[in-house]
Amino acid sequence: MGTRAGLGLPDTIVACLFDLDGVITKTAVVHAAAWRETFDAFLRERDGPDFRPFTQEDYDRYVDGRPRADGVRSFLASRGITLPEGTGGDAPREVSVQGLGNRKNALLLARIRSGGVEAYEGSLRYLDAVRSAGLRTAVVSSSTNCRDVLRAVGAEDRFDVRIDGVVAARRGLPGKPRPDTFLAAAADLGAEPAGAAVFEDALAGMDAGRSGHFGYVVGVDRVGQADALRAHGADTVVRDLAELETRA
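Quantities reported herein were computed from a predicted structural model and do not represent experimental measurements.

## Thoughts on the overall build of the protein chain
Now for step 1: A tally of regular secondary structure across the protein chain gives 10 helices and 8 strands.
Now for step 2: Expressed as lengths along the three principal axes of its C-alpha atoms, the size of the protein chain is roughly 60 × 30 × 30 Å.
Now for step 3: Counting only residues that meet the buried cut, the protein chain has 56% of its 248 residues in that class.
Now for step 4: Of the contacts formed within the protein chain by residues at least 6 apart in sequence, a portion of 59% connects residues at least 24 apart.
Now for step 5: As presented, the protein chain carries roughly 10600 Å² of accessible surface, and 48% of it is formed by carbon and sulfur atoms.
Now for step 6: Within the protein chain, one finds 32 positive and 36 negative side-chain charges whose respective centroids are separated by 2 Å.

## Overview of the pairing of strand S3 (residues 15-18)
Now for step 1: The alternating pattern of S3 places Ala15 and Leu17 and Cys16 and Phe18 on opposite faces, both of which are buried.
Now for step 2: In this sheet, strand S4 (residues 136-140) lies alongside S3 in parallel orientation, the contact comprising 4 bridges. Among the inter-strand pairings, Leu17 is bridged to a residue of S4, identified as Ala138.
Now for step 3: Pairing of S3 with strand S6 (residues 196-200) involves 4 bridges; the strand directions are parallel. The residue of S6 that forms the bridge with Ala15 is Ala196.

## Overview of the packing of helix H1 (residues 27-47) against helix H4 (residues 97-113)
Now for step 1: The interhelical angle for the contact between H1 and H4, taken along N-to-C directions, is 135 degrees, at an axis separation of 9 Å. It follows from the interaxial angle that H1 and H4 lie oblique. The crossing of H1 and H4 is right-handed. Note on element contacts: H4 touches H1 through Leu100, Arg103, Lys104, Leu107, Leu108 and Arg111, opposite Val30, His31, Ala33, Ala34, Trp35, Glu37, Thr38, Phe39, Ala41, Phe42 and Glu45.
Now for step 2: Broken down by class, the residue content of the contact of H1 with H4 amounts to 10 nonpolar, 2 polar and 5 charged.

## Some details on the sheet that holds strand S7 (residues 216-220)
Now for step 1: As summarised here, the arrangement of the 6 strands in space is S5-S4-S3-S6-S7-S8, forming an open sheet in which the pairing is parallel. In this open sheet, the two edge strands, each paired with only one partner strand, are strand S5 (161-163) and strand S8 (236-238). On average, each strand axis in the sheet is tilted by 20 degrees relative to the strand beside it, whichever way the strands run.
Now for step 2: Taken together, the 3 bridges between S4 and S5 define a ladder with parallel strand orientation.

Reading the values: the criteria
- Residues numbered from 1 in each chain as written.
- Predicted model: local features only at pLDDT ≥ 70, side-chain atom pairs only at ≥ 80, totals over all residues.
- Heavy atoms only, no water.
- Helix = DSSP H or I, 4+ residues; strand = E, 2+ residues; numbered from the N terminus.
- Buried < 20%, exposed > 50% of the residue type's maximum accessible area, 1.4 Å probe, protein only.
- Contact = heavy atoms within 4.5 Å.
- Areas by Shrake-Rupley, 256 points an atom, 1.4 Å probe, with all protein chains shown as cover.
- Lys, Arg positive; Asp, Glu negative; His and termini not counted.
- Charge placed at Lys NZ, Arg CZ, Asp CG, Glu CD.
- Pairing = 2+ DSSP bridges.
- Axes fitted to C-alpha atoms, helices over the stretch in contact; angles between N-to-C directions.
- Parallel < 35°, antiparallel > 145°, perpendicular 65-115°, else oblique.
- Left-handed = near helix turned anticlockwise from the far one by under 90°.
- Nonpolar A, V, L, I, M, F, W, Y, C, P; charged D, E, K, R; others polar.

Printed below as a string of structure tokens:
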């Protein structure tokens, strides 16, 4: 199997499906900080000053890449905590799955509006190279703030298709680690899974790429978890997408 010159992809790939947070933008750090603030406040209120804080490992294992409510449920289950589900309209102060999710989202939006979002320059260059080569592109994110983030970094026009938390909810698509959002993006681009490459930094995204039988899965290692990305299905791992441009 040959590779597309300057892209580091098999020559069978006709479409590229990019996660947003941690792949295109540096918002993974912003998300992690908002989750940490949310869960630490909740745990402190629940368990007192000796509470066990939310960690980077917790973020990577239970939250990263998942739809917001799924992340809340997954982390709470890891601590043996059950909360009422609540509703999507729950105030951020409500002690419910939806309330905690809304608390995190309010903190995230405040960080975004204060200028806390940047794009990875290497990713933007790679996106431009992919599109110049005639490949179709989609952004696939569990975030309901995906469009706002893309606009904030001037990258909205680099994608032919957007499958985010808003679109997934409207179509009834389950989130990562299920492959449904990536499969929907490939279909919208007119590509078969075998002809599409997935670019992800989250372990849940790796699982989605593997179970969806995509043609190539690129793990983007921003936090030193290359071995875990490979174990969860990455065909190759890079620290930045710009590294792919140097591969034959």
